[in-house]
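These are the residues of each chain, in order.
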Amino acid sequence: QVQLVESGGGLVQAGGSLRLSCAASGRTFSSYTMGWFRQAPGKEREFVATISWRGGRTYYADSVKGRFTISRDNAKNTVYLQMNSLKPEDTALYYCAVDREPYFVRPIATTVSDFGSWGQGTQVTVSS
């Protein structure tokens, strides 16, 4: 059974940094796009960043471009999200997810519906 466990969230002041981690188990994820999404209270889940199976391609939401960096370590089945220059509007529950399809079917994925396995989320709160 696929399991994704996020960690690294917390409370930070505006301008600060956090590094989220997502450890995957249950199968090998090195052939799949992995992504980070977030959901604030009363809002829909939204795309934050995704990374291709080997890490050669990354995509970011405009709202986080230049501040967040997604990376992965396939040997550890782990994906990371380095978040710098955090803003109060970054406050949300952050989820990692795995694409439903392997890279040879779908080289990259960027929408919620493309992803089939989700973690339980880690809370990020940015105070002003």
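Here we summarise the structure given alongside this text. These numbers come from a predicted model, not from an experiment.

**Description of the packing of aromatic side chains**
Next, step 1: Enumeration according to the criterion identifies seven aromatic pairs in this entry.
Next, step 2: Arranged with centres 3.6 Å apart and planes meeting at 5 degrees, the rings of W53 and Y103 form a pair that is stacked. Taken together, the positions of W53 in the loop between β5 (46-51) and β6 (58-60) and Y103 in the loop between β9 (92-102) and β10 (115-118) put the pair 50 residues apart, joining distant regions of the chain.
Next, step 3: On the basis of an interplanar angle of 85 degrees and a centroid distance of 6.4 Å, the ring pair of Y95 and W118 is categorised as edge-to-face. On the criterion of sequence distance, the pair formed by Y95 in strand β9 and W118 in strand β10 is long-range, its members being 23 residues apart.
Next, step 4: The buried category is assigned to Y95, whose relative accessible area is 11%.
Next, step 5: Exposure remark for W118: the relative accessible area of 26% places this residue in the partly exposed category.
Next, step 6: An aromatic cluster is present here, built from F37, F47, Y95, F115 and W118 joined pairwise through their rings.
Next, step 7: Here R45 stacks its cationic end above the ring of W118, 4.7 Å away from the centre of that ring.

Cut-offs and rules
Residues numbered from 1 in each chain as written. Predicted model: local features only at pLDDT ≥ 70, side-chain atom pairs only at ≥ 80, totals over all residues. Heavy atoms only, no water. Phe/Tyr/Trp six-rings, centres within 6.5 Å; stacked < 30°, edge-to-face > 60°. Helix = DSSP H or I, 4+ residues; strand = E, 2+ residues; numbered from the N terminus. Buried < 20%, exposed > 50% of the residue type's maximum accessible area, 1.4 Å probe, protein only. Lys NZ or Arg CZ within 6 Å of the ring centre and 35° of its normal.

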